[in-house]
Amino acid sequence: MNLISIPAYQDNYIWVLSQNDGKCLIVDPGEAAPVLTAIAQFGWQPEAILLTHHHNDHVGGVKELLQKYPALPVYGPQETANKGANHVVNEGDKIKLLGYEFTVIATPGHTLGHICYFSHPYLFCGDTMFSGGCGRLFEGTADQMYQSFSKLNALPEDTLICCAHEYTLSNLTFSLSILPHDPDLNEYYRKVKELRAKNHITLPTTLAEERKINVFLRTQDIDIIKAISKETTLQQPEQRFAWLRAMKDKF
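Residues numbered from 1 in each chain as written. Predicted model: local features only at pLDDT ≥ 70, side-chain atom pairs only at ≥ 80, totals over all residues. Heavy atoms only, no water.

K.L.:
Is there a simple way to explain the overall build of the protein chain in this structure?
P.N.:
When you go through the protein chain residue by residue, the secondary structure sums to 9 helices and 14 strands. Taken against the 2.2 N^0.38 rule, which gives 18 Å for 251 residues, the C-alpha radius of gyration of the protein chain at 18 Å falls within 12% of a compact globule. A total of about 11,200 Å² of accessible surface is found on the protein chain, and carbon and sulfur atoms cover 48% of it. Counting 22 positive and 28 negative side-chain charges, the protein chain places the averaged centre of each group 3 Å from the other. (Helix = DSSP H or I, 4+ residues; strand = E, 2+ residues; numbered from the N terminus. Rg over C-alpha atoms; globule rule 2.2 N^0.38 Å. Areas by Shrake-Rupley, 256 points an atom, 1.4 Å probe, with all protein chains shown as cover. Lys, Arg positive; Asp, Glu negative; His and termini not counted. Charge placed at Lys NZ, Arg CZ, Asp CG, Glu CD.)

K.L.:
Explain the packing of helix H4 (residues 142-153) against helix H9 (residues 237-250) to me, please; I cannot follow it from the model alone.
P.N.:
What describes two packed helices is the angle between their axes and the distance between those same axes. Relative orientation of the contacting elements H4 and H9 amounts to 110°, with a least axis distance of 9 Å. Of the possible angle classes, the one that applies to H4 and H9 is roughly perpendicular. Considering the relative orientation of H4 and H9, their crossing is right-handed. Counted together, Ala 142, Asp 143, Met 145, Tyr 146 and Phe 149 of H4 and Pro 237, Glu 238, Phe 241 and Ala 242 of H9 form the full contact between these two elements. (Axes fitted to C-alpha atoms, helices over the stretch in contact; angles between N-to-C directions. Parallel < 35°, antiparallel > 145°, perpendicular 65-115°, else oblique. Left-handed = near helix turned anticlockwise from the far one by under 90°. Contact = heavy atoms within 4.5 Å.)

K.L.:
Quick question: what am I supposed to make of the packing of aromatic side chains here?
P.N.:
Geometry of an aromatic ring pair is reported as the spacing of the ring centres plus the angle between the planes. Taken as a whole, this structure holds 13 aromatic pairs when the rule is applied. When the ring of Tyr 122 is compared with that of Phe 124, the centres are 6.4 Å apart and the planes differ by 10°; the resulting orientation is stacked. Overall, the relative accessible area of 8% leaves Tyr 122 in the buried class. An angle of 65° between the planes, with centres 6.5 Å apart, marks the rings of Phe 149 and Phe 216 as edge-to-face. (Phe/Tyr/Trp six-rings, centres within 6.5 Å; stacked < 30°, edge-to-face > 60°. Buried < 20%, exposed > 50% of the residue type's maximum accessible area, 1.4 Å probe, protein only.)

K.L.:
Looking at this model, I keep getting lost on the domain arrangement of the protein chain. Mind explaining?
P.N.:
In many reports, interface size means the accessible area that the parts give up when they come together. Split by domain assignment, the protein chain resolves into domain 1 (2-162) and domain 2 (168-202 + 217-249). Computed over C-alpha atoms only, the centres of domain 1 and domain 2 are separated by 26 Å. Both sides together, the interface formed by domain 1 and domain 2 hides about 1,300 Å², and carbon and sulfur atoms give 61% of it. Three residues, Ser 131, Arg 136 and Tyr 146, lead the burial of domain 1 against domain 2; their summed loss comes to 39% of the area buried on that side. Summed over the shared surface of domain 1 and domain 2, the number is 1 salt bridge. Applying the counting rule to domain 1 against domain 2 returns 4 residue pairs in polar contact (both at pLDDT 80 or more). (Domains from an automatic or database assignment. Buried area = accessible area lost by both parts, 1.4 Å probe. Salt bridge = Lys/Arg side-chain N within 4 Å of Asp/Glu carboxyl O. Polar contact = N/O pair within 3.5 Å; in protein donor to acceptor, adjacent residues only side chain to side chain.)

K.L.:
What is the right way to look at the nonpolar core in this model?
P.N.:
Most often, soluble globular proteins keep nonpolar side chains buried together rather than apart. Of all hydrophobic cores here, the largest spans 54 residues; its most connected members are Ile 95, Tyr 117, Leu 123 and Phe 124. When residues of this core are assigned to domains, at least three fall in each of domain 1 (2-162) and domain 2 (168-202 + 217-249). Counting residues in hydrophobic clusters, the runner-up holds 20 residues, among them Ile 6, Ala 32, Ile 39 and Leu 65. (Core = buried A, V, L, I, M, F, W, Y, C linked by side-chain atoms within 4.5 Å.)

K.L.:
What is the right way to look at helix H8 (residues 222-229) in this model?
P.N.:
In an α-helix, one turn spans 3.6 residues, which is why side chains three or four residues apart end up on the same side. Turning to H8, its buried residues are Ile 224, Ala 227 and Ile 228. The arc that holds the buried residues of H8, viewed along the axis, is 95°, so those residues lie on one side. In H8, those exposed residues whose orientation departs by more than 90 degrees from the buried face are Ile 222 and Lys 226. For H8, the secondary structure elements touched by its buried residues are helix H5 (168-178) and H9. (Arc of directions from axis to C-beta.)

K.L.:
Looking at this structure, I do not really get the UniProt feature "binding site: Zn(2+) 2" (unreviewed entry) in the protein chain. What am I missing?
P.N.:
Under the feature "binding site: Zn(2+) 2" (unreviewed entry), the UniProt entry names Asp 57, His 58, Asp 127 and His 165. Taking the farthest pair of C-alpha atoms as the criterion, the annotated set spanning 109 residues converges on one region, since that pair is 10.6 Å apart. With respect to the helices, strands and loops of the structure, His 58 is situated in helix H2 (residues 56-59). Exposure remark for His 58: the relative accessible area of 0% places this residue in the buried category. With residues near it in sequence (within four places) discarded, His 58 still touches Asn 12, Asp 28, Pro 29, Gly 30, Leu 51, Thr 52, His 53, Gly 126, Asp 127, Ala 164 and His 165. According to the relative accessible area criterion, His 165 is buried, its value standing at 3%. In this structure His 165 touches Asp 11, Asn 12, Tyr 13, Asp 57, His 58, Asp 127, Phe 130 and Leu 203, once residues within four positions along its chain are discounted. Polar contacts involving the side chain of His 165 include one to the side chain of Asp 11, which spans 2.9 Å. (UniProt positions renumbered as here; feature names shortened; annotations may be inferred.)

K.L.:
Can you help me understand the sheet that holds strand E7 (residues 94-97) in this one?
P.N.:
Strands pair in a sheet through their backbones, by hydrogen bonds, and they do so in one of two ways: parallel or antiparallel. A sheet is described by the order of its strands in space; here 6 strands give the open sequence E7-E8-E9-E10-E13-E14, paired in mixed fashion. Every interior strand has two partners, whereas the edge strands, E7 and strand E14 (205-206), have only one. Relative to strand E10 (residues 122-126), strand E9 (residues 115-119) is paired through 3 bridges, and the arrangement is antiparallel. Following the sheet pairing, Tyr 117 is matched in E10 by Phe 124. (Pairing = 2+ DSSP bridges.)

Below, the structure written as structure tokens:
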């Protein structure tokens, strides 16, 4: 199986899983043009589209792709039913595609109906988890996002985090404002800064790596607790998660 990222808009990634025979799976096609270009270039045969949530930079290309491939199944949460999804899926549903079984994981927070798709080692997590960060809370609550992160953190450590935006450098810049002397964060920041200077992608990352450098996965770490206690006393990890998200919003 081949994992390919297609750049879209300013900082989006459309993910594609393709087999050697050309059959492929498309995740969150915010634009159709770059996908159609790649299909022509690589000789792909689209088998399905997976949607994580309803925002236009994730669903904007569905209509045009369906015009070209009218029989293509499009899986997505209820909130994408009017965006082109013709197979509505929910928490715990299983989808068999390209010889893989994908499990649907409900991850409200960024939007109320946001879902992720997991088939080891691939996690297509849309705008829930980013490398070094988490999605903005447009519709859901910080507690919902904390619970969603807890679900994803229970996956195997070699899980590939295939998120939908190139936000890694800005996320790490924020994280270093909280933990300026953290060795893992500083090392990863240098690595990511070098990659971005060459215009290289920083994704996918692994859950093992994220557990070290993503402050939103570290709300029970003593270093985070100490850093936050300088500003306020928060007893529960979900409260610290909410505080970090609020600080990131203002950063």
